[in-house]
Amino acid sequence: MALIVQKYGGTSVGSSERIQHVAEKVIAMRKQGHDVVVVVSAMSGETNRLVSLAKSIADPPEPREFDVILATGEQVTIGLLSIAIQAKGYAARSYTGGQVHILTDNAHNKARILEIDDKKMRADLAKGTILVVAGFQGVDEYGNITTLGRGGSDTTAVALAAALKADECQIYTDVDGVYTTDPRIEPRARRLDRISFEEMLEMASLGSKVLQIRSVEFAGKYNVPLRVLSSFEEGQGTLITSEDNIMEQALISGIAFSRDEAKLTILGVPDKPGTAYQILGPISDANIEVDMIIQNMATDGMTTDFTFTVHRNDHKKALNVLQKIAQNLGAKEVRSDEQVVKISLVGVGMRSHAGIASKMFKTLADVGINIQMISTSEIKISVAVDEKFLELGVRVLHEAFGLDKATA
Ligand code: ADP
Ligand code: ASP
Ligand code: MG
């Protein structure tokens, strides 16, 4: 007998029929003798609806109250799933995040889980009850409702699995596993049987929204066996596990991409010590995270250009800050561009292989895609390109690195 934590995302609980189907899947697991804790998201579209509703009254909404509103989506699904399980003759109990003491910090809208008290859950499980817990939410030390950031139900599930020392954490979604790239962009993408925590973390950080970044961080840290599967069809899904458990390591495991980019350039700044700090210091003081950075060489021996990218949501804020900096530095001009995307190759195999970057650049050049910025780390290479090249770029790289179904 095992203890299994299952998480069902928005589309998997998107209608009463889907909820009935989830109830059956959960009961099937219970019938095999396993203890089951189920984490659910809000019904598909519901969180977006709540976001717009709040913003139609105040934009941005006050963070504490925003969380009060956002957390309601999941409260509906825990109740619905519990009555669906009960109606089929099994004991189930719904819990909000606060009711199972998912303690978080007080960073509203992006809170981090600090602690989970498993006593109540263990007592229920001992009685054979199926637990149905609301994803995406917790409470801070004063009992204020907090939420964990978009996609946060994944993190709730992994955190519960870690706290309960579950045998497996299963993330049920609308695809049957983690693919070499988003199958919606490249239909020839291939499902991976296994991927390492480290690669999955890079994929998630670089834009693959199949798992929330923090859920992968948590799973890696506490060594929670994590599996992504479809709630619509049977299958083994993808196991996210430590590198040692992966026999054949591919050179490149996947391609991630992100549309959430914006590029800012400040032209004609003095080429002398301290300039980078004078530009990026105020950006960081404004709580804006900078991703890629390029500083050109001064061709006139005096001034240079400086370019960086930020999250598209921070674009306007960054532009305002940069315009002030430009005045202070006597810069020539500030430019910005929202039509930028980032495409990244991810793979631990890169560590021991040279030539991946040049193959990537050649592949993009052959189809006329201009690379605007490049950044690399041990297991990834990212390029920023014009957003009109996103699909083409992903597809040609997918083929060039042999990730297609046909070449598998
Ligand atoms: P849920 O609502 O179940 O949490 P999400 O929409 O958050 O589901 O995540 C599933 C989606 O992630 C898929 O529909 C797919 O389009 C997208 N996705 C992005 N990258 C990948 C990838 N590499 N493998 C599988 N799915 C991916
Ligand atoms: N309902 C939340 C969202 O849409 C959390 C989740 O689904 O994981 O972001
Ligand atoms: Mg999700």
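The present account deals with the structure reproduced in this document.

Cut-off values and rules
Residues numbered from 1 in each chain as written. Chains lettered and ligands numbered in written order. Predicted model: local features only at pLDDT ≥ 70, side-chain atom pairs only at ≥ 80, totals over all residues. Heavy atoms only, no water. Phe/Tyr/Trp six-rings, centres within 6.5 Å; stacked < 30°, edge-to-face > 60°. Helix = DSSP H or I, 4+ residues; strand = E, 2+ residues; numbered from the N terminus. Buried < 20%, exposed > 50% of the residue type's maximum accessible area, 1.4 Å probe, protein only. Lys NZ or Arg CZ within 6 Å of the ring centre and 35° of its normal. Pairing = 2+ DSSP bridges. Axes fitted to C-alpha atoms, helices over the stretch in contact; angles between N-to-C directions. Near = heavy atom within 4 Å. Polar contact = N/O pair within 3.5 Å; in protein donor to acceptor, adjacent residues only side chain to side chain. Areas by Shrake-Rupley, 256 points an atom, 1.4 Å probe, with all protein chains shown as cover. Nonpolar A, V, L, I, M, F, W, Y, C, P; charged D, E, K, R; others polar. Arc of directions from axis to C-beta. Contact = heavy atoms within 4.5 Å. Salt bridge = Lys/Arg side-chain N within 4 Å of Asp/Glu carboxyl O. Core = buried A, V, L, I, M, F, W, Y, C linked by side-chain atoms within 4.5 Å. Parallel < 35°, antiparallel > 145°, perpendicular 65-115°, else oblique. Left-handed = near helix turned anticlockwise from the far one by under 90°.

The tally for this structure, following the rule as stated, stands at three aromatic pairs. Between Y8 and Y172, the aromatic rings sit 4.8 Å apart at their centres with planes inclined by 10 degrees, giving stacked as the arrangement. Of the two residues, Y8 sits in strand β1 (residues 3-8) while Y172 sits in strand β9 (residues 168-173), which places them 164 residues apart along the sequence. Across this residue pair, the class does not change: Y8 and Y172 are buried. In this arrangement the basic side chain of R18 is found over the ring face of F232, its NZ or CZ atom lying 3.7 Å from the centre. One Lys or Arg, K359, reaches over the ring of F401 and ends 4.8 Å from the middle of that ring.

A word on the sheet that holds strand β2 (residues 35-40). Taking strand neighbours across the sheet as the criterion, the eight strands line up as β3-β6-β2-β1-β9-β11-β12-β10 in an open arrangement whose pairing is mixed. At either margin of the open sheet sits one strand with a lone partner, and together these are β3 (92-95) and β10 (194-196). Put simply, the sheet's adjacent strands are angled 20 degrees from each other on average, direction ignored. Relative to β2, β1 runs parallel, the two sharing six bridges.

Moving on to the site of ligand 1. Taken together, 17 residues surround ligand 1, and among them T173, D174, Y179, D182 and R184 come closest. Between Y179 and ligand 1, the recorded distance is 2.8 Å, taken from a backbone N or O atom to a nitrogen atom. In the model, an oxygen atom of ligand 1 is placed 2.3 Å from a nitrogen or oxygen of the R184 side chain. Summarising the interface, the protein chains cover 83% of the accessible area of ligand 1, which totals 580 Å² for the free molecule. Each residue belonging to the shell around ligand 1 can be placed in one class, and the counts come to six nonpolar, six polar and five charged.

What follows concerns helix α11 (residues 356-366). Among the residues of α11, I356, M360, T363 and L364 are the ones counted as buried. Along the axis of α11, the buried residues cluster in a sector spanning 95 degrees; they form a single face. Of the exposed residues in α11, the ones pointing more than 90 degrees away from its buried face are K362 and D366. Lining the buried residues of α11 we find β16 (333-346), β18 (380-386) and α12 (390-400).

This part is about the pattern of salt bridges. For the structure on display, the rule yields 24 salt bridges. Among the salt bridges present, the one from D117 reaches K119, with a minimum N-O distance of 3.7 Å. Overall, K119 belongs to the exposed group, its relative accessible area being 62%. Across the pair E391 and R259 runs a salt bridge, and its minimum N-O distance is 3.6 Å. Remark: R259 occurs in strand β13 (residues 254-270) and E391 occurs in helix α12; sequence separation between them is 132 residues. E391 sits in the partly exposed class, given a relative accessible area of 30%.

Moving on, we come to the site of ligand 2. S41, A42, T47, E74, F136, R150, G151, G152 and S153 make up every residue found near ligand 2. Between ligand 2 and the protein, one listed contact pairs an oxygen atom with a backbone N or O atom of S153 at 3.0 Å.

Cis geometry marks the peptide bond from D59 to P60; its omega dihedral reads 0 degrees. Within the secondary structure layout, P60 lies in the loop between α2 (46-55) and α3 (63-70). A positive phi angle, close to 75 degrees, is found at F136, a residue other than glycine. As for its position among the elements, F136 is in the loop between β6 (130-134) and β7 (137-139). Residues other than glycine seldom take positive phi values, yet N287 does so here, at roughly 70 degrees.

With 43 residues, the main nonpolar core has V37, C169 and I240 as its most contacted residues. Per-element tally for this core: the top contributor is helix α6 (residues 153-163), with six residues. With near-sequence residues (within four places) excluded, C169 lies in contact with V5, A157, V158, A161, V224, P225, L226 and R227. If you look at the next biggest cluster of nonpolar residues, it comprises 23 residues, including A2, I19, M29 and I85.

What follows concerns the packing of α11 against α12. Closest axis-to-axis distance for the α11/α12 pair is 10 Å, and the angle between their directions is 130 degrees. By the angle between their directions, the pair α11 and α12 is classed as oblique. Judged by the sense of rotation from one axis to the other, the crossing of α11 with α12 is right-handed. Where α11 approaches α12, its residues K359, M360, T363 and L364 are matched on the opposing element by G393, V396, L397 and A400. Per-class residue counts for the contact of α11 with α12 are five nonpolar, two polar and one charged.

Turning next to the pairing of β9. Across the six residues of β9, six count as buried, placing the element largely inside the fold. Side chains E168, Q170 and Y172 project from β9 onto one buried face, and the interleaved C169, I171 and T173 project onto a second face that is buried too. With five bridges connecting them, β1 and β9 associate as parallel partners. Each bridged residue has a counterpart across the sheet, and for Q6 the counterpart in β9 is Q170. Looking at chain direction, β9 and strand β11 (residues 226-230) are connected through five bridges and run parallel. By the bridge assignment, Y172 is partnered in β11 with L229.

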